[in-house]
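Tertiary structure, described
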Amino acid sequence: MNMINKAHEPLPLADFQRWMVSVVTHFGTDDQAWNSDVATAELSHDRALHNVLPSKTLTEYDRIGIYRRMYFLRMRDSLAVDFPSVLHLLGKPQFEELTEQYFTAHPSNSYTLNDTGLKFPSFVRSTTLPDKEFIAQLAELELAISAVMEAPEVPPISAVDIAGIPPDAWDTAIFTAVEAFSLHEFAYPVHDYFCAVEDKHNEFPNIQPHPNFVYIHRSNFHTQHYALRAEEYRLLELLIQGTTLGEAFEAVQQVFTNKQTNLEELQARISSRFQEWIMNGVFAAIRT
Amino acid sequence: MLPNRWNLPDLGFGVGLRSVHYDYILENFPPVDWFEVISENYLSQGGYSFYALEKIRERYPIVTHGVSLSIGSTDPLNFTYLERLKRLADLMDTPWVSDHICWTGVNGRNTHDLLPILYTEETLGHIVKRIRTIQDFLGRRVVLENVSTYVEFAASTMPEWEFIARMAEDADCGLLLDVNNVFVSAFNHNFDAKEFIDAIPADRICQYHLAGHTHKGTHIIDTHSDHVVEGVWELYRYAYSRSGGRATLLEWDEDIPSFEVVHAEALKARAYRDNAHAEGAGSGSAIVSTQKSEQQLLHAFANEYD
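This one's a predicted model, so the numbers in the text were calculated from it and none came from an experiment.

Our next topic: the sheet that holds strand β3 (residues 181-186) of chain A. Residue and element names in this part refer to chain A. Overall, antiparallel pairing links the three strands, which are arranged β3-β4-β5 in an open sheet. Each of the sheet's edge strands pairs with one partner strand only, and the pair in question is β3 and β5 (222-228). The mean angle between the axes of side-by-side strands here comes to 20°, regardless of whether they run parallel or antiparallel. Where strand β4 (residues 212-219) lies against β5, seven bridges are found, and the strand directions are antiparallel.

Turning our attention to the interface of chain A and chain B. With 48 residues of chain A at the interface, the matching set in chain B holds 53 residues. Both sides together, the interface formed by chain A and chain B hides about 4,200 Å², and carbon and sulfur atoms give 60% of it. Connecting chain A to chain B are two salt bridges. Applying the counting criterion to the chain A and chain B interface returns 23 residue pairs in polar contact (both at pLDDT 80 or more). Contributing elements (two or more residues each) for the side of chain A that touches chain B: α1 (13-24), α4 (45-51), β1 (52-53), α5 (60-82) and α9 (132-150) of chain A. Among the residues forming the side of chain A that touches chain B, the class breakdown is 27 nonpolar, 13 polar and eight charged. Where β1 of chain A lies against strand β8 (residues 152-153) of chain B, two bridges are found, and the strand directions are antiparallel. Among the inter-strand pairings, Leu-53 of chain A is bridged to a residue of β8 of chain B, identified as Glu-152 of chain B.

Here chain A is described as being made up of domain 1 (13-129) and domain 2 (149-287). Each of domain 1 of chain A and domain 2 of chain A has a C-alpha centre, and the two are 41 Å apart.

Time to look at helix α12 (residues 230-240) of chain A. Since the α-helix advances by 3.6 residues per turn, residues separated by three or four positions end up pointing in the same direction. Residues and elements named next belong to chain A. With eight of 11 residues buried, α12 lies mostly within the body of the structure. Of all the positions in α12, only Glu-231, Glu-232, Tyr-233, Leu-235, Leu-236, Glu-237, Leu-238 and Leu-239 are classed as buried. Two residues or fewer after α12 comes Gly-242, characterised by a positive phi angle close to 105°.

Conventions and cut-offs
Residues numbered from 1 in each chain as written. Chains lettered and ligands numbered in written order. Predicted model: local features only at pLDDT ≥ 70, side-chain atom pairs only at ≥ 80, totals over all residues. Heavy atoms only, no water. Pairing = 2+ DSSP bridges. Helix = DSSP H or I, 4+ residues; strand = E, 2+ residues; numbered from the N terminus. Axes fitted to C-alpha atoms, helices over the stretch in contact; angles between N-to-C directions. Contact = heavy atoms within 4.5 Å. Buried area = accessible area lost by both parts, 1.4 Å probe. Salt bridge = Lys/Arg side-chain N within 4 Å of Asp/Glu carboxyl O. Polar contact = N/O pair within 3.5 Å; in protein donor to acceptor, adjacent residues only side chain to side chain. Nonpolar A, V, L, I, M, F, W, Y, C, P; charged D, E, K, R; others polar. Domains from an automatic or database assignment. Buried < 20%, exposed > 50% of the residue type's maximum accessible area, 1.4 Å probe, protein only.

What follows is the structure in structure tokens.
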């Protein structure tokens, strides 16, 4: 036991634990943490100081400070892993500042660090950050990619299943997507930004409203994200909502055929993408 | 030599399973005796991690090791977490379920750290009751690990080793003796590491942990970021001479090198075991002689950095 003794004073376990968490999770200085209203509501500064033993080389503040620093680093790293593009956009100092604000507002209440970022997009929207809607949507995209990575593996429909569908049954076919799949519409070019961070050869987009349509999909444990045109997005959206293939094609053609896009070109393009989705294993089942 | 009191298996020399090594393991199936997995990483049972674990489970024994049980917290037990843990333990057919003698948060707030216990009668009674509930719920032996700590409290009424020994007896649980954590805390709090080990009931030890740490001069941090230092190996040999064969595991969590390097580090434990055998495990003379060298080692650290 430590040679530097202080007289024993009984301390209720719950009071001690509430005090320690309030100090460890406070992002200010040691002095601010020990003297915060939350901490002193549990234990006065003097009583807390009496309870913490210094070592030969570290003061009371130093010793609790080890836990405080590790808490900050752990939470920062957790968000940095979840949101590498947001980190890239903001830069380390601003990202760290946002980390502190976020975890002060939304401390982790999950048994897993994987859940710590779930409220980050909505938190970003509540801030006064410039471009906060872009940042929030970028964070939503990154969360969506993580979710697909962790989704249960469900086998896609096989080539044999597809070959077995009679030609006249395709029109009324209804599709179910695999679990490791999600579809997104963003008002900002966040997918373009994400791709630019991921692949340094891509150009970074302007942070101005410009729609991005994306589907995220995992096959054989490789997670991919694909840009979609508006009509492709609409077709895929209708299909995963349970619209028959024939009705979905019809709806897309009605909306997207105009003077700039003739019907044959549109049909060829969306037919090609539909076949690509089948081949990529986007669908788990076809009901005819 | 003493078997553990439940005859839980000595699994040999294992390695903590980390995601950076999945592909190597699945391609090479190296001759590792067993793997320990961080429970929380697999509770969702989705994604590549769980796929890899299921494949590895086909060839190796798996033990689940958690970081979120928060056995010492005054918050109610989280039965959603425990249900998922039970499902994972059943799937892996883990011989025991391990976690830490610590708490991770309170009032629903999780720091995701292994926070230090206040060693009091109140804490002891609280933890013992919770361990018994959890063992009944899981239907498996709970094995709890001593953690590295960086602070002590005046309100504590007993040393850590007395607390652990009483906890294990009263709750009828197993112990995971992390000799690196003993070493780290002994330096940080200036106690004799062997006094700690001598106080631990050897027949309740089901597993050993070994790991590297980071010496900061004024204190040591349990980083699992390097090779095991000589003083920890000596402490392992000493502990082993008291307990006999127990599953032994090497943890490496930061700056993780290739699997071959991690595995080679784990296999060093075999040499220390053989050395303990040669000296006659459990003999008083071996204990006395190594205790002296260990004390010298710890004092050397203390003198260097004071």
